[in-house]
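In case you want the letters, here they are:
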Amino acid sequence: MAKKIIAANWKMNLMREEAISLFNGVKKGLSAHKETEIVVFPPSIYISDLISNHPLIEVGAQNFYFEEKGAFTGEISPFQLKNIGCNYVLIGHSERRELFDESNELLSKKMRSALDANLKIIYCCGETLQEREEGSHLEKIQSQLEILKSLTNDELNAISIAYEPIWAIGTGLTATLGQAEEMHAFIRRILIDSSSKELASEISILYGGSCNENNANELFNCPNIDGGLIGGASLKVDSFLKIVDSIK
Ligand code: PGA
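Here's what I pulled together on the structure shown here. Bear in mind the structure is a predicted one, so any value in this text is a computation, not a measurement.

**Structural notes on the site of the ligand**
- In the vicinity of the ligand, 13 residues are found, and the nearest of them are K11, H93, E164, G170 and S210.
- Within the side chain of K11, an N or O atom sits 2.7 Å from an oxygen atom of the ligand.
- Burial of the ligand by the surrounding chains reaches 95%, relative to a free accessible area of 280 Å².
- For the shell around the ligand, a count of residues per class yields four nonpolar, seven polar and two charged.

**What to know about helix α1 (residues 16–28)**
- Look at α1: 18 Å from first C-alpha to last across 13 residues, which is about the 18 Å you get at 1.5 Å a residue.
- Of the positions making up α1, those classed as buried are A19, L22, F23 and V26. Each buried residue of α1 lies within a common arc of 95 degrees when the element is viewed along its axis, so the set occupies one face. Residues E17 and K28 are exposed on α1 and point more than 90 degrees away from its buried face.
- Looking at the buried positions of α1, the neighbouring elements they touch are β2 (37–41), α2 (47–50), β3 (57–61) and α12 (237–245).

**Here's the deal with unusual backbone geometry**
- The backbone phi angle of K11 is positive, close to 50 degrees, even though this residue is not glycine.
- By secondary structure assignment, the location of K11 is in the loop between β1 (5–9) and α1.
- Under the relative-accessibility criterion, K11 is labelled partly exposed at 21%.
- The residue N118 is not glycine, and still its phi comes out positive at about 65 degrees.
- Inspection of the secondary structure puts N118 in the loop between α5 (104–116) and β5 (120–125).

Thresholds, definitions, all that
- Residues numbered from 1 in each chain as written.
- Predicted model: local features only at pLDDT ≥ 70, side-chain atom pairs only at ≥ 80, totals over all residues.
- Heavy atoms only, no water.
- Near = heavy atom within 4 Å.
- Polar contact = N/O pair within 3.5 Å; in protein donor to acceptor, adjacent residues only side chain to side chain.
- Areas by Shrake-Rupley, 256 points an atom, 1.4 Å probe, with all protein chains shown as cover.
- Nonpolar A, V, L, I, M, F, W, Y, C, P; charged D, E, K, R; others polar.
- Helix = DSSP H or I, 4+ residues; strand = E, 2+ residues; numbered from the N terminus.
- Expected span 1.5 Å × (residues − 1).
- Buried < 20%, exposed > 50% of the residue type's maximum accessible area, 1.4 Å probe, protein only.
- Arc of directions from axis to C-beta.
- Contact = heavy atoms within 4.5 Å.

And the structure:
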């Protein structure tokens, strides 16, 4: 069975004291959720403030560069992240692909270096509204998951997938349960083809895109949805904890 994961993508929000207070609020409310892994992705300048030895919460980086070290002004290496106790990274978020032109080639290099640094990865994929309306959404996801084909089974163990339809991110529109489950089942089949049934059943596939305290429960009840990557609703302690509570 895949591990249940609820991840909070804070994006470029919160001042330092707000970030610490949100993190502490979440920490305080979590004691009963031993089965679910919680990962918080704060702006990277707060990662060190938040890393603690809390057994239930991991802190991850929203972004990094693929080189190990050197003259890359402004960048952070995955090895530096690992060195400060950060264990997770996001790769392939649609905002990075679209706003920062991150290509599949760059994402492949990021994937390789994150694996070399022994980081766990949440790899994001998702289609635009136009692709869904044209009926090319399955092909789009398949092409985004090509990157996984060269990975060994051990490497796949370090990866979770987040399916995030771009038209649902930050829009208040959520995929219907049918749309979400169809895509998650499709992703699971691709994972089976790239590895084995056993391994594919252990890879967590998270849903993201306007997931909130009102729709989380039914989304997480879908057979192939193993948790969520939460943006807007992760910025308030109460709503985030309610989402965490929704997972069985
Ligand atoms: P949202 O963002 O929950 O605000 O739609 C999700 C994401 O971008 O990861």
